[in-house]
Amino acid sequence: MTAIDCCADGAQCASGSCSILQCAQNCSAQIQSHFISPFGYHFMQNAFLAGTLVAIMAGVLGYFMVLRSQSFAGHSLANVGFAGATGASLFGAPPILGLFAAGVAAACGIHYLGLGTRQTRQNDIAVGAIFTAAIALGFLFIRLAPKEFTVNIYDVLFGNVLGISDANVLITAISAAVLLSLLVVSARPLLFASVDPDVAAARGVPVRALGLGFLILLALTVAVAVQVVGVLLIFSLLVTPAATARYLTPHPALAVGMAVLLAILFTWCGLAVGFYTPYPVGFFITSFAFGTYLLVRGAKLLMARSQRTRLANSVLA
Amino acid sequence: MKPVNSAAGGATGNGETGPVVQVAGAAVRLGGRTIWEHVDLEVWPGEFIAILGPNGSGKSTLIKAILGLLPLQAGSISVLGQPARRGHPEIGYVPQRRHFEADVRVRGRDVVRLGLDGVRWGLPLPFVQRGRARSFEKQVQDVIESVGAAAYADRPIGELSGGEQQRLLIAQALVTHPRLLALDEPLDSLDIQNQQAVAGLIRGIARDTGAAVLLVAHDVNPILSALDRVVYMAGGRVAVGTPEEVVTSETLSKLYGSPVEVLHASDGSVVVVGHPGEEEVFHHDRH
Ligand SMILES: Nc1ncnc2c1ncn2[C@@H]1O[C@H](COP(=O)(O)OP(=O)(O)OP(=O)(O)O)[C@@H](O)[C@H]1O
Ligand SMILES: [Mg+2]
């Protein structure tokens, strides 16, 4: 890797095999110390800002998604989003718009076909077939897109957190504001409808409308989260933090807070490590998320086992 | 069938003198089939009524119609003087056979709490509404203690046994102090001792608060001593009255449209035999 190859432009750096630090050093004229702060670069500022906002959205919505057993729906939205992102490139529209539009369409499909509920898990195979078709369509769109509009397939699949433009940071901020204010309004009825839909419906909670609204918010979250972790790694922010938080506490408000904190932590650690090493950020975010999940599950299992042995011993004694 | 007006219990001091539920000539059609018709029923404050009948006779359907979840094909249902509607705040409801899946990691206490404020939009302001938050917490704690679920209310509800979950669901239905409790087989996953304990508990709460109770049951043994009246559903028709009036060979034969025999065993239990549905054993400790 020669110095000329390594440029400070985030988008090129991310797909290159040099570290971001190396890129930054080579392009920066006034490097005095050996330690370079990631916050000194505009693309890193954008990455941290957008990454944090996405982590907050994904943490909160992920909690409800896991509670509603709809992680499959979340995955579907991401897969269909792939076709949306590449389809948008046919018209030169921004991928994030295509992602959101396709996600909303998929959300309506899942809702009206009744595929989003616990009872219909057996539809997994049918849905899986449909979403594989969506990915294939997205693949076709990549070939069909005019040269000047082609999207980087790696960016859609794995995210490109270092190449987030100022405009996309703004879009992310607005999305986060919309999502959080809607959730503040609907948190309790949504929790009721998620935990106990029959009673909630009898008590007058609009369970079906909330279900559709939730899927649309999920589509929004997926659309902005794809910038950071891509459609393939989206579960590292959407599912893993929430699933881990659930094992740490059964208290809903605390679990939401913990899911958000974990998602932010994984994102920051991923960005920091990615900055100093030549490896992609998405890999580190996912690995931190997965490692923490394993740790917590393992610790819980060990605790349960030691509790059982203690119980058995006390019974025998 | 004339309902027997035997309003029992302390239904005073709530200003309402009319029936809690009034069903008049009601009929429900589902999937092109009339489930039941010509149903007349009045439920009075403080009354404890069991809804009995074989599988598929429309017991749950009756509960749902009273909750306003199903449209009527004929007749009318009113609850506290108003037409039945979804989301009536004075009804506490426990649906039939529900179990939380093991992966539902939400505390039992939170599930009970949802009965109190789960229908409210927005979030409470953390410091401004301290007083109300505390009173809600106390209400939840009180109802959890009253159903004897305090020991496990802070564990994830998915990890609890069916009977433990059922107690918490009853607490959820009770927490708003409703004037009508609609309980669809709430004793279903409890052992005999717990069935009696929970039935007694529901009876006591109904007496104390003047609430009326409609309780769907398959096994009527544990509740017979608490019962005021029964609603027996079979063959698309309904018989209403005291257990002594309804659970007789004559009434049930008419209902089923085929000969049914009610046998009184020497230990006071009643056995219904010969109907096309299933065997049901009535332990009749009033004799
Ligand atoms: N949505 C529906 N569409 C068509 N038929 C229905 C519907 N819901 C219930 N039914 C039918 O109505 C009948 C009465 O159902 P219901 O659930 O009220 O019975 P039940 O008396 O509660 O039985 P169980 O003791 O098994 O709970 C059944 O034959 C059922 O198949
Ligand atoms: Mg039923």
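Since we're looking at a predicted model, the values are computed, not measured.

(A) Looking closely at the side chain of Glu47(B). All names here are of chain B. Relative to the elements of secondary structure, Glu47 occurs in the loop between strand E2 (33–43) and strand E3 (48–52). When its relative accessible area of 0% is taken as the criterion, Glu47 is described as buried. Within the local environment of Glu47, its side chain forms a polar contact with the backbone nitrogen of Trp44, the two atoms lying 2.8 Å apart.

(B) Examining the sheet that holds strand E7 (residues 180–184) of chain B more closely. All names here are of chain B. With mixed pairing, six strands are arranged side by side in an open sheet as E6-E7-E8-E3-E9-E10. At either margin of the open sheet sits one strand with a lone partner, and together these are strand E6 (91–94) and strand E10 (237–241). Within the sheet, the average angular offset between the axes of one strand and its neighbour, ignoring direction, is 15°. In this structure, E7 lies alongside strand E8 (residues 212–216), joined through five bridges in parallel fashion. Across the sheet, residue Asp184 finds its bridge partner in E8, namely Val216.

(C) Just the site of ligand 1, in detail. All names here are of chain B. Close contacts around ligand 1 come from 15 residues, with Arg33, Lys59, Ser60, Thr61 and Gln96 the closest. A distance of 2.9 Å separates an oxygen atom of ligand 1 from a polar backbone atom of Gly58. At a separation of 2.7 Å, an oxygen atom of ligand 1 approaches a polar side-chain atom of Lys59. Protein burial of ligand 1: of its 630 Å² of free accessible surface, 64% is covered by the chains. Residue assignment for the shell around ligand 1 shows that the elements contributing at least two residues are E2 and helix H1 (59–66). When residues of the shell around ligand 1 are assigned to their parent elements, the largest contribution, three residues, is made by H1.

(D) Just the nonpolar core, in detail. Tyr63(A), Leu168(B), Ile202(B), Leu215(B), Ile223(B), Tyr232(B) and Leu252(B) are the most contacted members of the largest nonpolar core, which has 144 residues in total. In terms of residue count, the dominant contributor to this core is helix H3 (residues 42–67) of chain A (16 residues). Leaving out residues up to four positions away in the same chain, Leu215(B) has contacts with Phe48(B), Ile49(B), Ala50(B), Ile51(B), Leu183(B), Pro186(B), Leu187(B), Ile202(B) and Ile223(B). Counting residues in each nonpolar core, the second largest holds 32 residues, with Ala26(B), Ile35(B), Ala65(B) and Val238(B) among its members.

(E) Just the interface of chain B and chain A, in detail. Of the residues lining the interface, 33 residues belong to chain B; the matching set on chain A comes to 29 residues. Approximately 2,900 Å² of surface area, both sides summed, lies buried where chain B meets chain A, with 57% of it carried by carbon and sulfur atoms. When residues of chain B are sorted by the area they lose upon contact with chain A, Arg105(B), Leu114(B) and Trp121(B) head the list and together hold 23% of the total. Our count for the contact surface shared by chain B and chain A stands at one salt bridge.

(F) Just the pairing of E8(B), in detail. All names here are of chain B. Among the five residues of E8, five are classified as buried, and the element is accordingly described as predominantly covered. Covered by surrounding structure in E8 are Ala212, Leu214 and Val216 together with Val213 and Leu215, the residues of both alternating faces. In this sheet, E8 lies alongside E3 in parallel orientation, the contact comprising four bridges. Bridge pairing links Ile49 to Leu214 in E8.

(G) Structural context of helix H14 (residues 281–316) of chain A. Along its 36 residues, H14(A) runs 52 Å from first to last C-alpha, staying within 8% of the 52 Å computed at 1.5 Å per residue. If you check which residues of H14(A) are buried, you get Val281(A), Gly282(A), Phe284(A), Ile285(A), Ala289(A) and Val296(A).

(H) View of the packing of helix H12 (residues 240–248) of chain A against H14(A). Residues and elements named next belong to chain A. Axis separation between H12 and H14 bottoms out at 9 Å; the angle between their running directions is 20°. Considered as vectors, H12 and H14 are oriented roughly parallel to each other. Classified by chirality, the crossing of H14 by H12 is left-handed. Contact residues: H12 offers Thr240, Ala243, Thr244, Tyr247 and Leu248, while H14 offers Ala289, Phe290, Thr292, Tyr293, Val296, Arg297 and Lys300. Counted by class, the contact of H12 with H14 contains seven nonpolar, three polar and two charged residues.

(I) Structural context of the packing of aromatic side chains. All names here are of chain A. Within this structure, the stated rule accounts for eight aromatic pairs over all chains. Relative to Phe48, the ring of Phe39 lies with its centre 4.7 Å away and its plane at 40°, an arrangement referred to as tilted. Where Tyr154 meets Phe158, the ring centres are 6.3 Å apart and the plane angle is 25°; that geometry is what we call stacked. Placement of the pair is Tyr154 and Phe158 together in helix H7 (residues 153–158), with a separation of four residues, close to one helical turn. For Tyr154, a relative accessible area of 56% puts it in the exposed group. Three or more aromatic residues link up through ring pairs in this structure, and these residues are Tyr41, Phe43, Phe275 and Tyr276. Sitting above the plane of the Phe214 ring, Arg68 keeps its charged end 5.0 Å from the centroid. It is Arg246 that lies over the ring of Tyr247; its NZ or CZ is 6.0 Å from the centre.

Calculation rules
- Residues numbered from 1 in each chain as written.
- Chains lettered and ligands numbered in written order.
- Predicted model: local features only at pLDDT ≥ 70, side-chain atom pairs only at ≥ 80, totals over all residues.
- Heavy atoms only, no water.
- Helix = DSSP H or I, 4+ residues; strand = E, 2+ residues; numbered from the N terminus.
- Buried < 20%, exposed > 50% of the residue type's maximum accessible area, 1.4 Å probe, protein only.
- Polar contact = N/O pair within 3.5 Å; in protein donor to acceptor, adjacent residues only side chain to side chain.
- Pairing = 2+ DSSP bridges.
- Axes fitted to C-alpha atoms, helices over the stretch in contact; angles between N-to-C directions.
- Near = heavy atom within 4 Å.
- Areas by Shrake-Rupley, 256 points an atom, 1.4 Å probe, with all protein chains shown as cover.
- Core = buried A, V, L, I, M, F, W, Y, C linked by side-chain atoms within 4.5 Å.
- Contact = heavy atoms within 4.5 Å.
- Buried area = accessible area lost by both parts, 1.4 Å probe.
- Salt bridge = Lys/Arg side-chain N within 4 Å of Asp/Glu carboxyl O.
- Expected span 1.5 Å × (residues − 1).
- Parallel < 35°, antiparallel > 145°, perpendicular 65-115°, else oblique.
- Left-handed = near helix turned anticlockwise from the far one by under 90°.
- Nonpolar A, V, L, I, M, F, W, Y, C, P; charged D, E, K, R; others polar.
- Phe/Tyr/Trp six-rings, centres within 6.5 Å; stacked < 30°, edge-to-face > 60°.
- Lys NZ or Arg CZ within 6 Å of the ring centre and 35° of its normal.

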